[in-house]
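Coordinates in review
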Amino acid sequence: MNFVDVDDLTTDELHAVLDRAAQIKAAPTDDGDERPLADQTLAMIFEKPSTRTRVSFETGMTQLGGHAIFLGPDDIHLGHGEPIKDTARAVARYADFIMARVFDHSDVTELAEYATVPVVNGLTDDAHPCQTLADLLTIRENFGFDTSVAWVGDGNNVCQSFVLGAAMVGLDVTVATPPGYGVDDDVLARAAELGTAPATTHDPAAAVEGADVIYTDVWVSMGQETEREEKLAAFEGFQLTEAFVGDRTVMHCLPAHRGEEITDDVLESDSAIVWEQAENRLHAQKGLLVWLAQQ
């Protein structure tokens, strides 16, 4: 089984992964197995650099008794000099899992099609399902799923995975984006099939009315640097400031562009639970890997 999109899991499977993650976080050795992935290897393919993705996966494999191999752009011929399907079939002969953090979503789907071991999407331009696992674990710990979340900002890969996961667990979500920066229609349709599609608006103030949590992400994602000035103009009025946030809880997947989508004082305030989110990348991914190994 693969984890390319969050809805590759059923709702029951998603809850099972979150349960396993919570169990590992609370008492990693309570089940008597301190090394559930002993002698297993995770091959980590990176086209995009990352702090949280690499450190959390590599640390997680070590804590589970396994090993992780970093394969950066200079270490592997992903789609350059060797077809992706050949890389998938070869690496699967060596490793027990493959995690890929790449630009094109189709590259991860092709890896998953041809690999004979579980493939995990560590991020693509379309989706970030591992972040969603950490987000849902964080919300569950702090509020439970009977709560409301306002996404304020770009309807990007993080947002698209989040609305799918939110639909699966029954979260009430409103997404506020500038015109032209909304969630893809096919993702909204998938969310509706899974549960309830998020409400959408171009008015950030309306989106946060009644919300318990405000979630944002960078406006200028990696690889979009040439669009910087255009996007900063389009997102005027979407910044999370102290006055805008009020007493609501704030989430951000990090890294943050302080002074753009969020002010420094909000990110450093007691309202922000961003460091819990960051830590939960480790626990959520450990839960996922252990669960995948048991399928």
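Structure first, text after, so check above.
Cut-off values and rules
Residues numbered from 1 in each chain as written. Predicted model: local features only at pLDDT ≥ 70, side-chain atom pairs only at ≥ 80, totals over all residues. Heavy atoms only, no water. Pairing = 2+ DSSP bridges. Helix = DSSP H or I, 4+ residues; strand = E, 2+ residues; numbered from the N terminus. Axes fitted to C-alpha atoms, helices over the stretch in contact; angles between N-to-C directions. Parallel < 35°, antiparallel > 145°, perpendicular 65-115°, else oblique. Left-handed = near helix turned anticlockwise from the far one by under 90°. Contact = heavy atoms within 4.5 Å. Nonpolar A, V, L, I, M, F, W, Y, C, P; charged D, E, K, R; others polar. Buried < 20%, exposed > 50% of the residue type's maximum accessible area, 1.4 Å probe, protein only. Expected span 1.5 Å × (residues − 1). Polar contact = N/O pair within 3.5 Å; in protein donor to acceptor, adjacent residues only side chain to side chain. Phe/Tyr/Trp six-rings, centres within 6.5 Å; stacked < 30°, edge-to-face > 60°. Lys NZ or Arg CZ within 6 Å of the ring centre and 35° of its normal.

On to the sheet that holds strand S9 (residues 249-252). Read from one edge to the other, the open sheet built from five strands follows the order S7-S6-S5-S8-S9, with strand pairing classed as parallel. On the outer flanks of this sheet lie strand S7 (199-201) and S9, each paired with one strand and no other. Neighbour-to-neighbour, the strand axes of the sheet open up by a mean angle of 20°, direction not taken into account. As judged from the three bridges shared by strand S5 (residues 148-152) and strand S8 (residues 213-216), these two strands associate in the parallel manner. Each bridged residue has a counterpart across the sheet, and for Trp 151 the counterpart in S8 is Tyr 215.

This part is about the packing of helix H5 (residues 129-142) against helix H12 (residues 274-293). Here H5 crosses H12 at 110°, and the two axes come no closer than 8 Å. Considered as vectors, H5 and H12 are oriented roughly perpendicular to each other. As for the relative orientation of H5 and H12, their crossing is right-handed in sense. Contact with H5, carried on its side by Cys 130, Gln 131, Leu 133, Ala 134, Asp 135, Leu 137, Thr 138, Glu 141 and Asn 142, involves Glu 276, Gln 277, Asn 280, Arg 281, His 283, Ala 284, Gln 285 and Leu 288 of H12 and no other residues of that element. Considered class by class, the residues forming the contact of H5 with H12 number six nonpolar, seven polar and four charged.

Our next topic: the pairing of strand S3 (residues 97-101). A regular strand places its side chains on the two faces of the sheet in alternate fashion. Within S3, five of the five residues are buried, which leaves the element mostly enclosed by the surrounding structure. By the bridge criterion, five bridges tie strand S1 (residues 41-46) to S3 in an arrangement that is parallel. Paired with Phe 46 across the two strands is Arg 101, which belongs to S3. One ladder, built from four bridges, connects S3 with strand S4 (residues 119-123); its direction is parallel. For Arg 101, the partnering residue across the bridge sits in S4 and is Leu 123.

Our focus in this paragraph is helix H6 (residues 157-169). In this model, H6 (13 residues) spans 19 Å end to end at C-alpha, consistent with the 18 Å of a helix rising 1.5 Å per residue. Burial of H6 is extensive: 13 of the 13 residues sit out of reach of the surface. Capping the start of H6, Asn 156 holds a side-chain oxygen 3.2 Å from the backbone nitrogen of Val 158, two or three residues further along. Where H6 ends, the next residue or the one after it, Gly 170, has phi of about 85°, a positive value.

Attention shifts here to the environment of Leu 9. Take Leu 9: it is sitting in the segment before helix H1 (11-26). Classification of Leu 9 by relative accessible area gives buried; the value is 3%. Each C-alpha atom of the pair Leu 9 and Cys 159 lies 18 Å from the other, and the pair is 150 residues apart in sequence. With sequence-adjacent residues up to four places away left out, Leu 9 is seen in contact with Met 1, Phe 3, Leu 14, Val 17, Met 168 and Trp 291.

Given two aromatic rings, their pairing is described by the distance between the two centres and the angle made by the two planes. For the structure shown, the criterion picks out six aromatic pairs. Ring centres 5.9 Å apart and planes at 75° place the aromatic pair Phe 235 and Phe 238 in the edge-to-face group. The buried category is assigned to Phe 235, whose relative accessible area is 0%. Here the aromatic cluster, defined as three or more aromatic residues joined through ring pairs, consists of Tyr 181, Trp 219, Phe 235 and Phe 238. When the ring centre of Phe 70 is taken as origin, the NZ or CZ atom of Arg 54, which lies over that ring, is 4.0 Å away.

What follows deals with the side chain of Asn 121. Looking at where Asn 121 falls in the secondary structure, it is placed in strand S4. Residue class for Asn 121 comes out buried when judged on its relative accessible area of 0%. A polar atom in the side chain of Asn 121 sits 2.7 Å from the backbone nitrogen of Leu 123. For Asn 121, the residues in contact, after removing those within four places along its chain, are Phe 3, Val 4, Ala 100, His 105, Val 108, Ala 127, Pro 129 and Cys 130.

Everything listed here is a matter of geometry and, on its own, says nothing about what the molecule does.
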